[in-house]
Amino acid sequence: AATAAATARYAEELATVSATIMSSQSAATSFPSTSAATATNDTEAVDVEEAYSLSYEEVDYHLAEMAPPFIGEDQCLVPGEAVVRVEKAPENSRRIFAGIDMMAAVDDVWKLLTDYDHLQDVVPNLVVNDVLELYNYDKDDDVINDNDISLDSSLSDEQQCELLSKRMKGAKLRQVGGAKVVGINFSARTTLEVREWPNGMPDFAHFRDEMYEGESRDVRAKGEKKKKLERYRFPRPFALSKIPTKDISMQSIENDDGEFRMYQGVWRMQPLPGCAPEGKFAMRLTYAVEISPRPYLPVALVEGRIAQDLCANLRAIRDHVA
């Protein structure tokens, strides 16, 4: 009964959202498509809280760039529905991109995902969630609070990202996920280093966007297949490129004895200004992850299940904050 009531309430909210958006700009879709490109030139850089004060027209969703456009150029995120894309990578690896739009404030989802002691109450199939260590940082550190991050230019992008991440708040988590794969009960364990990026991750922490310029989605996907996984070179979650974000990175620790040789990903939270009725908030939650199982576990065997679970996680988070 509670689920039915929540579903009905959410459907009513979505109907209100659609009516609000369509009345403000009849030519736009309810949420932006992947063919959309940068926020208008008149829109100055703002933080997440300030972004909610922007109007739908100021964001100009139908011209806004998505980075990376992981779903087809003619598709869009449907409010309340999770989408996912799986791409191959070298050495028994995969890159998985998922996202969902929801009626919620960024800060509410941020608080939920950084409440490390209670993640198992939100994330389905999380059998074990032990907080081994909490990381703190100095709030007066200028590097953390400065959006124009600068480190030693002689270092590689990966080295800069690693050094900067060590200054961020976060936690070390030991997690075990459980699922049934081809009729067999399967569990995967990993120890993760989680870091919080309240102003979003710097661009050098991701694959460079230049690889996407002037190329179709299919060409981009083929190029990514050749790129090996590298520590501290995180996959880029699907997002409007000129709207501020809050990010949470996670990466399996070095010499982890779990089922994954490498596991690293990013949760990205982004406001959707003008896409909610007055007094309410809309946001986009996306996740990009790279996985490389041990040789004894063929990735083709588990990639479908991981993709399904990512979508289930997105829906569970949506329902929790609804």
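The following paragraphs examine the structure supplied in this document. (Residues numbered from 1 in each chain as written. Predicted model: local features only at pLDDT ≥ 70, side-chain atom pairs only at ≥ 80, totals over all residues. Heavy atoms only, no water.)

**As for the packing of aromatic side chains**
Here the distance between the centres and the angle between the planes together describe a pair of aromatic rings.
Part 1 of the argument: Within the structure shown, the criterion is met by four aromatic pairs.
Part 2 of the argument: Geometrically, the ring pair formed by Y232 and F234 is edge-to-face, given 6.3 Å between the ring centres and 85° between the ring planes.
Part 3 of the argument: For Y232, a relative accessible area of 6% puts it in the buried group.
Part 4 of the argument: Measuring from centroid to centroid gives 5.5 Å for F260 and Y263, while their planes differ by 65°, and the two rings are edge-to-face. Side by side, F260 and Y263 carry an identical accessibility label, which is buried.
Part 5 of the argument: One Lys or Arg, R195, reaches over the ring of Y135 and ends 3.8 Å from the middle of that ring.
Part 6 of the argument: Geometry around W110 places K246 over its ring, the cationic atom sitting 5.4 Å from the centre. (Phe/Tyr/Trp six-rings, centres within 6.5 Å; stacked < 30°, edge-to-face > 60°. Buried < 20%, exposed > 50% of the residue type's maximum accessible area, 1.4 Å probe, protein only. Lys NZ or Arg CZ within 6 Å of the ring centre and 35° of its normal.)

**As for helix α4 (residues 106-113)**
Part 1 of the argument: Those residues of α4 not exposed but buried are V106, V109, W110, L112 and L113. Buried residues along α4 cover an arc of 160° about the axis, so they all sit on one side. (Helix = DSSP H or I, 4+ residues; strand = E, 2+ residues; numbered from the N terminus. Arc of directions from axis to C-beta.)

**Thoughts on helix α6 (residues 157-165)**
The periodicity of an α-helix, 3.6 residues per turn, causes residues three or four positions apart to be oriented the same way.
Part 1 of the argument: For α6, every residue scored as buried is listed here: D157, E158, Q160, C161, L164 and S165. Projected down its long axis, α6 carries its buried residues within an arc of 160°, all on one side.

**Points about the pattern of salt bridges**
Part 1 of the argument: Scanning all chains against the criterion turns up 17 salt bridges.
Part 2 of the argument: Residue E91 is joined to R261 by a salt bridge in which the shortest nitrogen-to-oxygen separation is 3.5 Å. Taken as a pair, E91 in the loop between β1 (83-89) and β2 (93-102) and R261 in strand β7 (residues 260-271) lie far apart in primary sequence, 170 residues in all.
Part 3 of the argument: Using a relative accessible area of 45% as the deciding quantity, one classes E91 as partly exposed.
Part 4 of the argument: Owing to a relative accessible area of 36%, R261 belongs among the partly exposed residues under this scheme.
Part 5 of the argument: The partner of R305 in a salt bridge is D309, with the nearest N and O atoms 3.1 Å apart. Of this pair, R305 and D309 both sit in helix α8 (residues 299-321), four residues apart, which is roughly one turn of that helix.
Part 6 of the argument: The class for R305 is partly exposed, based on a relative accessible area of 25%.
Part 7 of the argument: Its relative accessible area of 17% is what places D309 among the buried residues. (Salt bridge = Lys/Arg side-chain N within 4 Å of Asp/Glu carboxyl O.)

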